[in-house]
Amino acid sequence: MHIIKVGSQKAIIRLNYILDIIDGFEDYKEYYPRIVKDLRNMNPEGTIILIGEYIPAERLSFLQETPETCEIIPLLNRLIDNINIVVKKAAIEYDCLYVDTMGVESDWHPTVNGHQQICDRMISVLEGQRKYSGGV
């Protein structure tokens, strides 16, 4: 555990937590597609929407305050990108809709504003617009 002074506050950054998430990513890659496959098998004709992950801007701005925490941002971004690749591949493989949430402007999620933006993106994808389909 690292204690990093941020302004007048102390922020505790638990790098072990981030490493646990990275370790858990292998399980995520294995089981997420299986879950989506099971959902598709239970409902072969239904519309299944898979929603991408993102990091709210407030969290990134907080991490950008010090050089020590700034080094964590590329690691988090790469992890989120890799998670979204798994979700996109599952969307393609099991004929699901994918909703890209990168760039959602929100304070510490979940907020009403953040949920509304995600909902708006879901509606646009359901209406056939490709803007938020994330390249799937």
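Look a little higher up for the structure.
I will try to describe carefully the structure that is included in this document. Given the structure is predicted, the values throughout are model-derived calculations rather than measurements.

Notes on the overall build of the protein chain
- Summing up its helical and strand segments, the protein chain has five helices and four strands in all.
- Reading the helices (α) and strands (β) of the protein chain from amino to carboxyl end gives β-β-α-β-α-α-α-β-α.
- Relative to its full complement of 136 residues, the protein chain shows a buried share of 35%.
- Per element, the accessible surface of the protein chain, about 8,900 Å² overall, is 54% carbon and sulfur.

Structural notes on the side chain of S124
- Positionally, S124 belongs in helix α5 (residues 112–126).
- A polar side-chain atom of S124 sits 2.8 Å from the main-chain carbonyl oxygen of R121.
- Contacts of S124, omitting those with residues within four sequence positions, involve Q129 and Y132.

A look at helix α4 (residues 72–93)
- Compared with an ideal rise of 1.5 Å per residue, which puts 22 residues at 32 Å, α4 spans 32 Å between its outermost C-alpha atoms and is within 8% of the ideal.
- Every buried residue belonging to α4 is among I72, I73, L76, L79, I80, I83, N84, V86, V87, A90 and A91, and all of these are buried. What you see down the axis of α4 is that its buried residues fit within an arc of 155°, all on one side. Across α4 from its buried face, at more than 90 degrees, point the exposed residues P74, R78, K89, I92 and E93.
- Immediately beyond the C-terminal end of α4, within one or two residues, lies D95, with a positive phi of roughly 55°.

Comments concerning the nonpolar core
- Ranked by size, the top nonpolar core spans 14 residues in total, and within it Y32, V36, L50, V87 and C96 carry the most contacts.
- Put simply, the parts of the chain that give this core at least two residues each are α1 (15–42) and α4.
- For this core, the element with the most residues is α4, which contributes six residues.
- Excluding residues that lie within four positions of it along the chain, L50 makes contacts with Y32, V36, V87, A90, A91, C96, L97, Y98 and V99.

Observations concerning the packing of aromatic side chains
- Scanning the entire structure with this criterion turns up two aromatic pairs.
- For the pair F25 and Y28, a centre-to-centre distance of 6.4 Å together with 20° between the ring planes defines the contact as stacked. Highlighted residues: F25 and Y28, both in helix α1, separated by three residues, approximately one helical turn.
- Measuring from centroid to centroid gives 5.2 Å for Y28 and Y32, while their planes differ by 25°, and the two rings are stacked. Here Y28 pairs with Y32, and both are found in helix α1, just four residues apart, close to one helical turn.
- By relative accessible area, Y28 is classed as partly exposed at 26%.
- The exposure class of Y32 is buried, given its relative accessible area of 18%.
- Here the aromatic cluster, defined as three or more aromatic residues joined through ring pairs, consists of F25, Y28 and Y32.

Looking at the pattern of salt bridges
- Using the criterion set out here, one finds two salt bridges in the structure.
- Ionic pairing is found between E26 and K29, a salt bridge with its closest N-O pair at 3.4 Å. Of this pair, E26 and K29 are both found in helix α1, three residues apart, which corresponds to roughly one turn of the helix.
- Taking the relative accessible area as the measure of exposure, E26 reaches 48% and is therefore partly exposed.
- For E30, the salt bridge identified is with R34, shortest N-O distance 2.8 Å. Of this pair, E30 and R34 are both found in helix α1, four residues apart, which corresponds to roughly one turn of the helix.

Procedures and definitions
- Residues numbered from 1 in each chain as written.
- Predicted model: local features only at pLDDT ≥ 70, side-chain atom pairs only at ≥ 80, totals over all residues.
- Heavy atoms only, no water.
- Helix = DSSP H or I, 4+ residues; strand = E, 2+ residues; numbered from the N terminus.
- Buried < 20%, exposed > 50% of the residue type's maximum accessible area, 1.4 Å probe, protein only.
- Areas by Shrake-Rupley, 256 points an atom, 1.4 Å probe, with all protein chains shown as cover.
- Polar contact = N/O pair within 3.5 Å; in protein donor to acceptor, adjacent residues only side chain to side chain.
- Contact = heavy atoms within 4.5 Å.
- Expected span 1.5 Å × (residues − 1).
- Arc of directions from axis to C-beta.
- Core = buried A, V, L, I, M, F, W, Y, C linked by side-chain atoms within 4.5 Å.
- Phe/Tyr/Trp six-rings, centres within 6.5 Å; stacked < 30°, edge-to-face > 60°.
- Salt bridge = Lys/Arg side-chain N within 4 Å of Asp/Glu carboxyl O.

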